[in-house]
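An overview of the molecular structure
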Amino acid sequence: MNNTEIAQVGRYLTELEAALAERAVADRDDILASVRDHIESALGDDDVSEADVAQVLTQLGDPLAIAAEAADPDVSDPLDRGARPRWSARWVPAAVIALIMISSVLWAWFLPLITLAAGIVLLWGSALWTPGEKLAGTVLLPAPAVAWWGLGIGSVADEMCVAESTGVEVGSGQAEQVDVVCEGGTAVWESVVGTGLLVAAVLGGVMAAVLLYRRGMTRAHS
Amino acid sequence: MTNLRRGALEYCILALLREGERYGLDIARELTGRSLLASEGTLYPLLSRLRKGGLVATSWRESDAGPPRRYYSLTPDGQRAVNVFEATWVPFRSGVDAVLTGRPA
């Protein structure tokens, strides 16, 4: 083979490699090696012309067709007889934690609502955790963000005032008593209770994340 | 139809290896020669799958001419699989043929 023919074969193999990668075929190295072997066997060491190489490659066929055959999910894999538990891949724990924690921090926009929902669906749908762990995850993972927003720290710390009327009997002639309760603002940030709640929520969230991640990973399908 | 064809083809590959180990090009040529395989390249994903399933084993061998070649051979599991297929296929095929030609049962 001279340089032209080597380049011809190289182009074919590069195309096949790209097609296999595109379809995320796990055995692509194996398939690539055996196709390379096929070409070398077919051409041998003798002098071959460009036409010979072209014929061998034509008979091998379209690289995309080979990749499609390799990726066809309808084919029963003899190794993969038992069905895997649902959503038990190794990416699931990290995805659940990231989706829920990050989305809940960013909840001011529309998209995080969808990703938050996706995280919760993934958490509850996955076979990696017990119902108790799922409940803990649902409550505790968004807790740091909820505390952050709820205490008015994440948003502009405006003072919020709520008018509350105390119960007055109808027809008693008494003037309705209205108390104005003001919350938020810097008062909460400075208050010991607010800080304590925030720290507790953050700790709870982080602990839940660590627990869900570690348990999830030990159960995940490798 | 594709699945039926492919399923049968996997057993044809195993059957070809019953007489002894063969290299990829040789298997590909035989299957295309018998019009069982449209393009030679699609053989390799099938071989890779059979190997992963433990039905076929591979080894690299020096050849008389040219670079070393990858040889495929049947494992004991592969042997059993093709025997089971044969026992099922033969009566199945005659049944299908009979239905297609309208022969009475």
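Residues numbered from 1 in each chain as written. Chains lettered and ligands numbered in written order. Predicted model: local features only at pLDDT ≥ 70, side-chain atom pairs only at ≥ 80, totals over all residues.

Quick notes on the overall build of chain B
Heads up, the condition is: Only DSSP runs of H or I with at least four residues qualify as helices, and only runs of E with at least two residues qualify as strands; both kinds are numbered from the N terminus onward. With C-beta atoms placed from the backbone, a residue is labelled by how many other C-beta atoms lie within 10 Å of its own: buried for 20 or more, exposed for 12 or fewer, partly exposed between the two. Residues are defined as contacting one another if the C-beta atoms placed from their backbone atoms lie within 7 Å.
Scanning chain B from terminus to terminus reveals four helices and three strands. Along chain B, from the amino end to the carboxyl end, the secondary structure elements read α-β-α-α-β-β-α. Put simply, chain B has 105 residues, and 30% of those count as buried. Across chain B, every contact between residues at least 6 apart in sequence was considered, and the portion connecting residues at least 24 apart equals 46%.

Details of the nonpolar core
How we decide: Defined on buried residues, the nonpolar core groups Ala, Val, Leu, Ile, Met, Phe, Trp, Tyr and Cys residues joined through C-beta atoms within 7 Å.
Leu20(A), Ile13(B), Leu14(B), Leu43(B), Leu47(B) and Val56(B) are the most contacted members of the largest nonpolar core, which has 36 residues in total. Per element, the largest residue contribution to this core is five residues, and it comes from helix H3 (residues 43–52) of chain B. Residues Val96(A), Met101(A), Trp129(A) and Ala147(A) belong to the second largest nonpolar core, which totals 20 residues.

Digging into the interface of chain A and chain B
This is how it is decided: Any residue outside Ala, Val, Leu, Ile, Met, Phe, Trp, Tyr, Cys, Pro, Asp, Glu, Lys and Arg is labelled polar, Gly included; the first ten of those are nonpolar and the last four are charged.
Each partner contributes to the interface: chain A provides 24 residues, whereas chain B provides 23 residues. Elements with a minimum of two residues in the side of chain A that touches chain B: helix H2 (28–43), helix H3 (50–60) and helix H4 (63–71) of chain A. At nine residues, H2(A) tops the list of elements feeding residues into the side of chain A that touches chain B. Partitioned by chemical class, the residues of the side of chain A that touches chain B number ten nonpolar, six polar and eight charged.

Re the confidence of the model for chain B
Note: predicted coordinates in regions of low pLDDT should not be interpreted at a detailed level. Note the threshold: pLDDT expresses how confident the predictor is about each individual residue, on a scale running from 0 to 100.
Mean pLDDT over chain B stands at 90; residues scoring 70 or higher make up 97%. For this predicted complex, the interface confidence comes out at an ipTM of 0.88, alongside a pTM of 0.53.

Observations concerning the sheet that holds strand E2 (residues 56–61) of chain B
Residue and element names in this part refer to chain B. As a reminder, the rule being used: DSSP calls a pair of strands paired once it identifies at least 2 bridges connecting them.
Spatially, three strands are ordered E1-E3-E2 in an open sheet, and the strand pairing comes out antiparallel. A strand with exactly one partner marks an edge of an open sheet, and here the two such strands are strand E1 (22–23) and E2. With two bridges joining them, E1 and strand E3 (residues 69–74) adopt antiparallel strand pairing. Counterpart to tyrosine 23 in the pairing with E3 is tyrosine 71.

Digging into the environment of Gln79(B)
Residues and elements named next belong to chain B. Summarising the element assignment, glutamine 79 is placed in helix H4 (residues 76–101). Of the residues examined, glutamine 79 has 14 C-beta atoms within 10 Å and is grouped as partly exposed. Once the C-alpha coordinates of glutamine 79 and arginine 18 are considered, the two residues, 61 residues apart in sequence, prove to be 7.3 Å apart.

Looking at the pairing of E3(B)
Bridging between E2(B) and E3(B) involves six bridges; their strand directions are antiparallel. Bridge assignment links Thr58(B) to a residue of E3(B), and that residue is Tyr72(B).

Things to note about the packing of helix H1 (residues 3–22) of chain A against H2(A)
All names here are of chain A. Heads up, the rule is: Here an axis means a line fitted to C-alpha atoms, over the contact stretch when the element is a helix, while the angle between two N-to-C directions is reported on a 0 to 180 degree scale. When describing relative orientation, an angle under 35 degrees is termed roughly parallel and one over 145 degrees roughly antiparallel, while 65 to 115 degrees is termed roughly perpendicular and anything else oblique. Here is the rule for handedness: rotate from the far helix to the near one, and if that takes an anticlockwise turn smaller than a right angle the crossing is left-handed, while a clockwise turn gives right-handed.
Taken N-terminus to C-terminus, the directions of H1 and H2 make an angle of 160 degrees; their axes are 10 Å apart at the nearest point. On the basis of their axis angle, the class for H1 and H2 is roughly antiparallel. Crossing hand, H1 versus H2: right-handed. Residues Val9, Leu13, Leu16, Glu17, Leu20 and Ala21 of H1 form the contact with H2, whose own contacting residues are Arg28, Ile31, Leu32, Val35, Arg36 and Ile39. Broken down by class, the residue content of the contact of H1 with H2 amounts to nine nonpolar, no polar and three charged.

Some points on the environment of Ala201(A)
Residues and elements named next belong to chain A. Mapped onto the secondary structure, alanine 201 falls in helix H10 (residues 192–219). Residue alanine 201 is classed as buried on the basis of its C-beta count, with 20 C-beta atoms lying within 10 Å. In this structure the C-alpha to C-alpha distance between alanine 201 and valine 146, which are 55 residues apart in sequence, comes to 8.3 Å. If sequence neighbours within four positions are ignored, alanine 201 has contacts with Ala143, Pro144, Val146 and Ala147.

A word on helix H2 (residues 24–33) of chain B
In plain terms, the rule: By construction, the arc corresponds to the directions joining the helix axis to the C-beta atoms.
Taken together, the buried positions of H2(B) are Gly24(B), Leu25(B), Ile27(B), Ala28(B) and Leu31(B). Each buried residue of H2(B) sits inside an arc of 160 degrees when the element is viewed along its axis, so together they form one side. For H2(B), the secondary structure elements touched by its buried residues are H2 of chain A together with helix H1 (2–16), E1, H3 and E3 of chain B. Once H2(B) ends, the next one or two residues include Ser35(B), with phi positive near 55 degrees.

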